[in-house]
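Take a look at the letters that make up each chain.
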Amino acid sequence: MNVIIRPDEQSVTDTAYLFVKDRMNRKRYRVLGLPTGGTPLRLYRALVEGHQRGDIDFADVHTFNLDEYIGLEGDHPQSYRHFMQVNLFDHINIAADNIHFLSGLPTDIEDECEAYEEAIVELGGIKLQILGIGRTGHIGFNEPTSSLASRTRDKTLTRETVEDNRRFFDSDEEVPRWALTMGVGTIMEAREILLIATGRSKADAVAAMVEGPVTAMCTASALQMHPRTTVILDEAAAAKLDEDEYYR
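Calculation notes
- One numbering rule holds for all chains: residues counted from 1, following each sequence as written.
- Whole-chain, interface and lining totals are the exception, using all residues; otherwise, since this is a predicted model, local features are given only for residues with pLDDT of at least 70 and side-chain atom pairs are given and counted only at 80 or more.
- Each side-chain value is worked out from all heavy atoms of the structure, with water and hydrogens disregarded.
- In plain words, nonpolar cores are sets of buried Ala, Val, Leu, Ile, Met, Phe, Trp, Tyr and Cys residues tied together by side-chain atoms within 4.5 Å.
- Three labels apply to residues, based on accessible area from a 1.4 Å probe with only protein chains included: buried if under 20% of the type maximum, exposed if over 50%, partly exposed otherwise in between.
- A run of H or I in DSSP counts as a helix once it spans at least four residues, and a run of E counts as a strand once it spans at least two, with each numbered from the N terminus.
- The contact criterion used throughout is that any non-hydrogen atoms of two residues lie within 4.5 Å.
- As defined here, a cavity is a set of points on a 1 Å grid over the protein atoms alone where a 1.4 Å probe fits but cannot get out. A pocket is an open set with protein on both sides within 12 Å along at least five of seven lines, and residues line them when an atom is within 4 Å of a point.
- Grid points are joined across faces, edges and corners, and a volume is the space filled by probe spheres set on the points.
- Classification convention: Asp, Glu, Lys, Arg as charged; Ala, Val, Leu, Ile, Met, Phe, Trp, Tyr, Cys, Pro as nonpolar; all other residues, Gly among them, as polar.
- Whenever a nitrogen or oxygen atom comes within 3.5 Å of another N or O atom, the pair is scored as a polar contact, on the condition that within protein one atom can donate a hydrogen and the other can accept it, and that pairs from neighbouring residues in sequence are kept only if both atoms are in side chains.
- Only strands that DSSP links by at least two bridges are regarded as paired with each other.
- Axis angles are defined between N-to-C directions and span 0 to 180 degrees, where every axis is a line fitted to C-alpha atoms and, for a helix, only to the segment in contact.
- In this scheme, roughly parallel covers angles under 35 degrees and roughly antiparallel covers those over 145, while 65 to 115 is roughly perpendicular and the rest are oblique.
- Here a crossing is called left-handed whenever its near helix is offset anticlockwise from the far helix by less than a right angle, and right-handed whenever the offset is clockwise.
- Note on aromatic pairs: the rings of Phe, Tyr and Trp (six-membered ring only in Trp) are paired at centre separations within 6.5 Å, and the planes decide the class, stacked below 30 degrees, edge-to-face beyond 60, tilted for the rest.

Core analysis: the largest hydrophobic core is formed by 41 residues, its most contacted members being Leu47 and Leu88. Residue assignment for this core shows that the elements contributing at least two residues are helix 1 (9-25), strand 2 (31-34), helix 2 (38-53), helix 3 (80-87), strand 6 (128-131) and strand 9 (192-197). In this view, leucine 47 contacts Tyr17, Val20, Ile56, Phe58 and Leu88; residues no more than four positions away in its chain are not counted.

Following this line, the structure appears as structure tokens:
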């Protein structure tokens, strides 16, 4: 695991942007795994700006998003499909057929998840998987106690995750309690992984991921076993790392 510590959020975004641009242009990674959230949002803005400058071309890129809430249509303002559309896809030259997303209203959950896994395999696998990390150390919606060998499936959200999401909805009843998510095993099959984290609220999760034991209680800790994982942090997110001087 390659840990990079930068002074602030903007430096994290700048470093992550250069990382993604290099993989897309030099290594020709054309199948990307994408997350949602505040930290990736800054990266998506940088990617849009890079595309507008002509630095990055998405014409033949395929994307697979990590997860989606169960019960929300794709055009719901709080669906992850809508988030990606308004913050990235509407502003780049990606073909609509190349955007792959789990349905929030699947006819059959098991069939939906199996089809998603098959689509990834048919395209030769995800070349670069971008990740954030939740306060409980989860990646995607692989909440604590999720199997580290798990595949794409439905998950019940923890109380912490529901509380974190409550601010986005008008009432408690609207907050989703379930989601579809790529599994940890699915994520671990990506050729290369980039995880970005910022802010003091992520410091405990980051420390558990990087320096703690590999455990289902912190599903991001499985990334210790991946041969090509890069973690980019700001000073606040890195605050509880014991070996921070070594990483520097």
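Our next topic: empty space enclosed by the protein. This structure, assessed with the given rule, holds 1 cavity of 30 Å³ or more. Put simply, the largest cavity is a space of about 40 Å³. Every residue along the wall of the largest cavity is listed here: Val20, Leu32, Leu34, Leu47, Phe58, Val61, Thr63, Leu88, Phe89 and Ile92. Its residues placed into classes, the lining of the largest cavity shows 9 nonpolar, 1 polar and no charged.

With respect to the element layout, serine 146 can be found in the loop between strand 6 and strand 7 (153-156). Here serine 146 falls in the buried class, since its relative accessible area comes to 1%. Of note is the side chain of serine 146, whose polar atom sits 2.7 Å from the backbone oxygen of glutamate 143. Here lysine 155 takes part through its side chain, which lies 3.3 Å from a polar atom of the side chain of serine 146. When residues no more than four places from it in sequence are discounted, the contact partners of serine 146 are Arg153, Lys155, Ala216 and Thr219.

Glancing now at the sheet that holds strand 8 (residues 178-181). Pairing is antiparallel across the open sheet formed by 3 strands, whose spatial order is 4-8-7. At either margin of the open sheet sits one strand with a lone partner, and together these are strand 4 (67-69) and strand 7. When the angles between neighbouring strand axes are averaged without regard to direction, this sheet yields 30°. Sheet analysis places strand 4 next to strand 8, joined by 3 bridges and oriented antiparallel. Bridged to glutamate 68 within strand 8 is leucine 180.

Direction vectors running N to C along helix 1 and helix 2 enclose 50°, while the axes themselves pass 9 Å from each other. Taken together, helix 1 and helix 2 sit at an angle that is classed as oblique. In terms of crossing hand, the pair formed by helix 1 and helix 2 is right-handed. Contacts from Glu9, Thr13, Ala16, Tyr17 and Val20 of helix 1 reach helix 2 at Arg42, Leu43, Ala46, Leu47, Gly50 and Arg53. For the contact of helix 1 with helix 2, the class distribution of residues is 6 nonpolar, 2 polar and 3 charged.

Time to look at the packing of aromatic side chains. One pass over the full model with this rule turns up 6 aromatic pairs. Seen in terms of ring centroids, tyrosine 80 and phenylalanine 141 are 6.1 Å apart; in terms of plane orientation they differ by 15°. Their pairing is stacked. One end of the pair, tyrosine 80, is in helix 3; the other, phenylalanine 141, is in the loop between strand 6 and strand 7, with 61 residues separating them in the sequence. Judged on exposure class, the residue tyrosine 80 and its partner phenylalanine 141 are both buried. With centroids separated by 5.9 Å and ring planes inclined at 65°, the aromatic side chains of tyrosine 246 and tyrosine 247 adopt a geometry described as edge-to-face.

Next up on the list: unusual backbone geometry. Despite not being glycine, arginine 28 has its phi angle at roughly 60°, a positive value. Looking at where arginine 28 falls in the secondary structure, it is placed in the loop between helix 1 and strand 2. Non-glycine residue threonine 145 carries a positive phi angle of around 85°. Mapped onto the elements of the fold, threonine 145 is located in the loop between strand 6 and strand 7. Owing to a relative accessible area of 57%, threonine 145 belongs among the exposed residues under this scheme.

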